[in-house]
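Examination of the molecular architecture
In case you want the letters, here they are:
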Amino acid sequence: MIQDLYSSLTAREQRALRWSAAATAVALWLSTAWADPWILITVPLIGAAYAAYAARSRRHEDDVDDDPELY
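All figures in this text were calculated on a predicted structure; none of them were measured in a lab. (Residues numbered from 1 in each chain as written. Predicted model: local features only at pLDDT ≥ 70, side-chain atom pairs only at ≥ 80, totals over all residues. Heavy atoms only, no water.)

1. With respect to the overall build of the protein chain
Counting its secondary structure elements, the protein chain contains three helices and zero strands. Moving toward the C terminus, one meets the helices and strands of the protein chain in the order α-α-α. The 71 residues of the protein chain split such that 4% are buried. For the protein chain, the accessible area works out to roughly 6700 Å², and carbon and sulfur atoms hold 64% of it. (Helix = DSSP H or I, 4+ residues; strand = E, 2+ residues; numbered from the N terminus. Buried < 20%, exposed > 50% of the residue type's maximum accessible area, 1.4 Å probe, protein only. Areas by Shrake-Rupley, 256 points an atom, 1.4 Å probe, with all protein chains shown as cover.)

2. Things to note about the side chain of glutamine 14
Relative to the helices and strands, glutamine 14 resides in helix α2 (residues 11-35). Residue glutamine 14 is classed as buried on the basis of its relative accessible area, which comes to 18%. Within the local environment of glutamine 14, its side chain forms a polar contact with the backbone oxygen of leucine 9, the two atoms lying 3.4 Å apart. The residues touching glutamine 14, leaving out its near neighbours within four places in the chain, are Tyr6, Ser7 and Leu9. (Polar contact = N/O pair within 3.5 Å; in protein donor to acceptor, adjacent residues only side chain to side chain. Contact = heavy atoms within 4.5 Å.)

3. Re a nonpolar patch on the surface
Together, Val26, Leu30, Trp38, Leu40, Ile41 and Leu45 make up an exposed nonpolar region whose accessible area comes to about 590 Å². Residue assignment for the nonpolar patch shows that the elements contributing at least two residues are α2 and α3 (38-63). Tracing the backbone shows leucine 45 in helix α3. (Patch = residues over 30% accessible without salt bridge, like charges linked within 9 Å, V, L, I, M, F, W, Y side chains within 5 Å. Salt bridge = Lys/Arg side-chain N within 4 Å of Asp/Glu carboxyl O.)

4. Some words on the confidence of the model for the protein chain
A low pLDDT means the predicted coordinates there should not be read in detail. This prediction gives the protein chain a mean pLDDT of 85; 86% of its residues lie at or above 70. Per-element averaging of pLDDT across the protein chain places helix α1 (residues 2-7) at the bottom with 84 and α2 at the top with 91. (pLDDT = per-residue confidence, 0-100.)

This is the structure:
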């Protein structure tokens, strides 16, 4: 149902919908952070920590040999 609605939109309307969704998310985040400023710090830190963990695990998977004697 939502897929049909989204696919029936023009490219300009789809772009406007994506930008409005992003603006809504930012507004919600900032309004919540207004009540508790630690959210401004913790949300980006959690995101950065996850990105670093994901990058490190991908790098580690590339370095591991598939040598059965190691296991």
